[in-house]
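Observations on the model geometry
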Amino acid sequence: MSPRGVEESGTTVTRLGSGGPWEAAYGYSRVVRAGDLAWTAGCTSTVDGVVTHVGDAAAQTAQALRIGLAALAEVGAQPADVVRTRMYVTDRAYADEVGRAHNAVFGAVRPAATMVVVAGLIDPEQLVEVELEAYLGER
């Protein structure tokens, strides 16, 4: 990820992209850090422009969480810093497996979390999308 940091209202805002297929086309960053807070964009199991783990919501969740945590690491956050997650699933039937995959990563951290069933994601092979928010304190 290539860093772009700018001073906005006395706080440094860092915006990083991953080079994913939609970031430049749609005008967003993979992760943004402003002061002691950091947010990821929606993360899916898309790697190098290709959806991985087709048909496996749990594996897609695990991959999406790895992508989100790697982005947060680029701005200094660790898994224990995650205070909120959002999970978007394309079918209610995936809720348990997505929730268990989330628990495997965040069971000890226990961030505030939301899971929402949505009509679909940008690629029909994507079954789940996650967003992460972190609080880094004085780091």
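What comes next is a walk through the structure. (Residues numbered from 1 in each chain as written. Predicted model: local features only at pLDDT ≥ 70, side-chain atom pairs only at ≥ 80, totals over all residues. Heavy atoms only, no water.)

Points about unusual backbone geometry
Worth spelling out the cut-off: Secondary structure follows DSSP: runs of H or I at least 4 residues long count as helices, runs of E at least 2 residues long count as strands, and numbering of each begins at the N terminus. Each residue is placed in one exposure class: buried if its accessible area under a 1.4 Å probe, protein chains only, is under 20% of its type's maximum, exposed if it is over 50%, and partly exposed if it falls in between.
Its identity as a non-glycine residue notwithstanding, Asp-48 has a phi of 55°, on the positive side. The topology assignment puts Asp-48 in the loop between β5 (46-47) and β6 (50-51). The exposure class of Asp-48 is exposed, given its relative accessible area of 78%. The backbone phi angle of His-53 is positive, close to 60°, even though this residue is not glycine. Note on placement: His-53 falls in the loop between β6 and α2 (57-74).

Concerning the pattern of salt bridges
The condition is simple: Put simply, a salt bridge is a Lys or Arg side-chain nitrogen that is within 4 Å of an Asp or Glu carboxyl oxygen.
Here the structure, examined in full by the defined rule, presents three salt bridges. Note that Glu-131 and Arg-86 form a salt bridge whose closest N and O atoms lie 3.6 Å from each other. One end of the pair, Glu-131, is in strand β9 (residues 128-135); the other, Arg-86, is in strand β7 (residues 82-89), with 45 residues separating them in the sequence. On the accessibility criterion, Glu-131 (21% relative accessible area) is partly exposed. When its relative accessible area of 22% is taken as the criterion, Arg-86 is described as partly exposed. Here Glu-133 ties to Arg-86 by a salt bridge, and the two come within 2.5 Å at their closest N and O atoms. On the criterion of sequence distance, the pair formed by Glu-133 in strand β9 and Arg-86 in strand β7 is long-range, its members being 47 residues apart.

Re the pairing of strand β3 (residues 31-34)
To be explicit about the condition: Here a strand pair is declared whenever DSSP counts at least two bridges between the two strands.
As judged from the four bridges shared by strand β2 (residues 11-17) and β3, these two strands associate in the antiparallel manner. By the bridge assignment, Thr-14 is partnered in β3 with Arg-33. Pairing of β3 with strand β4 (residues 37-40) involves four bridges; the strand directions are antiparallel. By the bridge assignment for β4, Ala-34 is matched with Leu-37. Turn length for the β3-β4 hairpin, with the two strands adjacent in sequence and antiparallel, is two residues, and the turn residue Gly-35 shows positive phi of about 65°.

Section: a nonpolar patch on the surface
Formally: Residues enter patches when they are more than 30% accessible in relative terms and free of salt bridges; like-charged ones are connected within 9 Å and nonpolar ones (Val, Leu, Ile, Met, Phe, Trp, Tyr) within 5 Å. Here the accessible surface of atoms and residues is derived via Shrake-Rupley with a 1.4 Å probe, and residues count as covered only by protein chains that are part of the display.
Among the surface-exposed residues, Leu-37, Trp-39, Val-83 and Tyr-135 lie close enough to one another that they form a single nonpolar patch of about 340 Å² accessible area. One can find Val-83 in strand β7. Given a relative accessible area of 41%, Val-83 falls into the partly exposed group.

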